[in-house]
Amino acid sequence: MDGWVGGWMDGWMDGWMGGWMDGWMDGWVGGWVGRAGGRADGWMDDGWVGGWVGGWMDGWMDGWMDGWMVVTQLLEHLQRNSLFEMFQSGFRAHHSTETALLKVTNDLLIASDHGLVSMLVLLDLSAAFDTVDHSILLQRLEHVIGIKGTALDWFRSYLSDRYQFAHVHGVPSSYSRVSHGVPQGSVLGPILFTLYMLPLGNIIRQHGINVHCYADDTQLYLSMKPEETEKLVKLQTCLKDKKSWMSSNFLLLNPGKTEVMVFGPEPLRDR
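With an unreviewed UniProt entry as reference, the chain is termed Reverse transcriptase domain-containing protein, source organism Takifugu rubripes.

Caption draft 1: Structural context of the pattern of salt bridges. The tally for this structure, following the rule as stated, stands at five salt bridges. Between Asp-107 and Lys-103 there is a salt bridge, with the nearest N and O atoms lying 2.4 Å from each other. Placement of both Asp-107 and Lys-103 in helix α3 (residues 97-113) is noted, with a separation of four residues, approximately one turn of the helix. Among the residues examined, Asp-107 registers a relative accessible area of 22% and is labelled partly exposed. Judged by relative accessible area, which is 27%, Lys-103 ranks as partly exposed.

Caption draft 2: Focus on the environment of Phe-129. Within the secondary structure, Phe-129 sits in the loop between β1 (117-123) and α4 (134-143). A relative accessible area of 18% means that Phe-129 is categorised as buried. Counting along the chain gives 53 residues from Phe-129 to Val-182, while the straight-line C-alpha distance between them is 5.9 Å. The residues touching Phe-129, leaving out its near neighbours within four places in the chain, are Phe-91, Gly-181, Val-182, Gln-184, Gly-189, Pro-190 and Phe-193.

Caption draft 3: A look at helix α8 (residues 231-248). End to end, α8 covers 26 Å across 18 residues, agreeing with the expected 26 Å (1.5 Å per residue, within 8%). Regarding α8, the residues found buried are Leu-235, Cys-238, Lys-242, Trp-245 and Met-246. All buried residues of α8 project into a common sector of 95° when viewed along the axis, lining one side. Opposite the buried face of α8, at more than 90 degrees from it, the exposed residues are Gln-236, Lys-240, Lys-243 and Ser-247. Each element contacted by the buried residues of α8 is listed here: β1, α4, α6 (189-196), α7 (200-205) and β7 (217-224). Remark: Phe-250 follows α8 within two positions and exhibits a positive phi of approximately 60°.

Caption draft 4: Structural detail: the confidence of the model for the chain. Of the residues in the chain, 74% reach a pLDDT of 70 or more, and the chain-wide mean stands at 77. Per-element mean pLDDT across the chain ranges from 42 in helix α1 (residues 7-35) up to 96 in α4. Confidence drops under pLDDT 50 across residues 1-64; counting only partners more than four residues distant or on other chains, this segment forms 58 contacts.

Caption draft 5: Summary view of the sheet that holds strand β8 (residues 259-263). Taken in spatial order, the four strands of this open sheet run β6-β7-β1-β8, and their pairing is antiparallel. The strands lining the two open edges of the sheet, one partner per strand, are β6 (210-214) and β8. Each strand axis lies, on average, 20° off the axis of its neighbour in the sheet, ignoring direction. Pairing of β1 with β7 involves seven bridges; the strand directions are antiparallel. The residue of β7 that forms the bridge with Met-119 is Leu-222. Strand contacts of α3: β1, β6, β7 and β8, with the helix running at about 15° to β7, the strand carrying the most contacts. On the sheet, α8 packs against β1 and β7 and is oriented at approximately 160° with respect to β7.

Caption draft 6: Local environment of a nonpolar patch on the surface. Taken together, the side chains of Tyr-163, Phe-165 and Tyr-175 define a hydrophobic patch exposed on the protein surface, amounting to about 350 Å² of accessible area. Relative to the helices and strands, Phe-165 resides in the loop between β2 (163-164) and β3 (167-168).

Caption draft 7: Fine view of unusual backbone geometry. Its identity as a non-glycine residue notwithstanding, Ser-82 has a phi of 50°, on the positive side. Along the chain, the position of Ser-82 falls in the loop between α2 (46-80) and α3. Residue Ser-82 is classed as exposed on the basis of its relative accessible area, which comes to 64%.

Each value, and the rule that gives it
- Residues numbered from 1 in each chain as written.
- Predicted model: local features only at pLDDT ≥ 70, side-chain atom pairs only at ≥ 80, totals over all residues.
- Heavy atoms only, no water.
- Salt bridge = Lys/Arg side-chain N within 4 Å of Asp/Glu carboxyl O.
- Helix = DSSP H or I, 4+ residues; strand = E, 2+ residues; numbered from the N terminus.
- Buried < 20%, exposed > 50% of the residue type's maximum accessible area, 1.4 Å probe, protein only.
- Contact = heavy atoms within 4.5 Å.
- Expected span 1.5 Å × (residues − 1).
- Arc of directions from axis to C-beta.
- pLDDT = per-residue confidence, 0-100.
- Pairing = 2+ DSSP bridges.
- Axes fitted to C-alpha atoms, helices over the stretch in contact; angles between N-to-C directions.
- Patch = residues over 30% accessible without salt bridge, like charges linked within 9 Å, V, L, I, M, F, W, Y side chains within 5 Å.
- Areas by Shrake-Rupley, 256 points an atom, 1.4 Å probe, with all protein chains shown as cover.

Shown next, in the form of structure tokens:
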């Protein structure tokens, strides 16, 4: 995983961005300055406009392209080494809310055809993307995903020294350092969140409970004969362990969006 942000990307960015930005900036800045007429003299001269706009665009585009380059490399690494959570449908190629719904629905229908009753528990997290602990995430990237050296340093730099503030009626608040959460609206944020959640699938499967996830939404389901009520103890124990794991990873269940549903042939459900 070393060398992601190395010479190859520098050369690629210099060539691609150099040609594209030169042409784009010539047209955009030229037209803008031209429409300004006489005001282009003085403070809006070529040097000021070129330096300010060029510097701003270079910084913004470099950061944006860095994110896409790292996502591409990261997804290839996860796919090649089979590191994805098997039943996570969020933010993956050829997976979606539709594939997640089809998987869970199909399992419940098959169980019903076999004369079984299924208990489905729908779990949702509160502000999940905002509570990701950076230290835990970096440990997971290193020890679970296998990212080390320069690549791990890049992720550490990406997460560190971020600040947030409010801007109301033109007046900004003081800055506050961000020590938790993945950047909202970024290309990397969703992938990093799913990797943060990676151990949860194995914890649930240890109890013999079926699980399927989409981002921070989790569906747990268990099929049984009506008289096998002892299996409900497994589900309760699983939920207890899940809650304990989430607490130690600074995640919180949203009780207002947690639901329990029962599926199966109507005569069996009424028993």
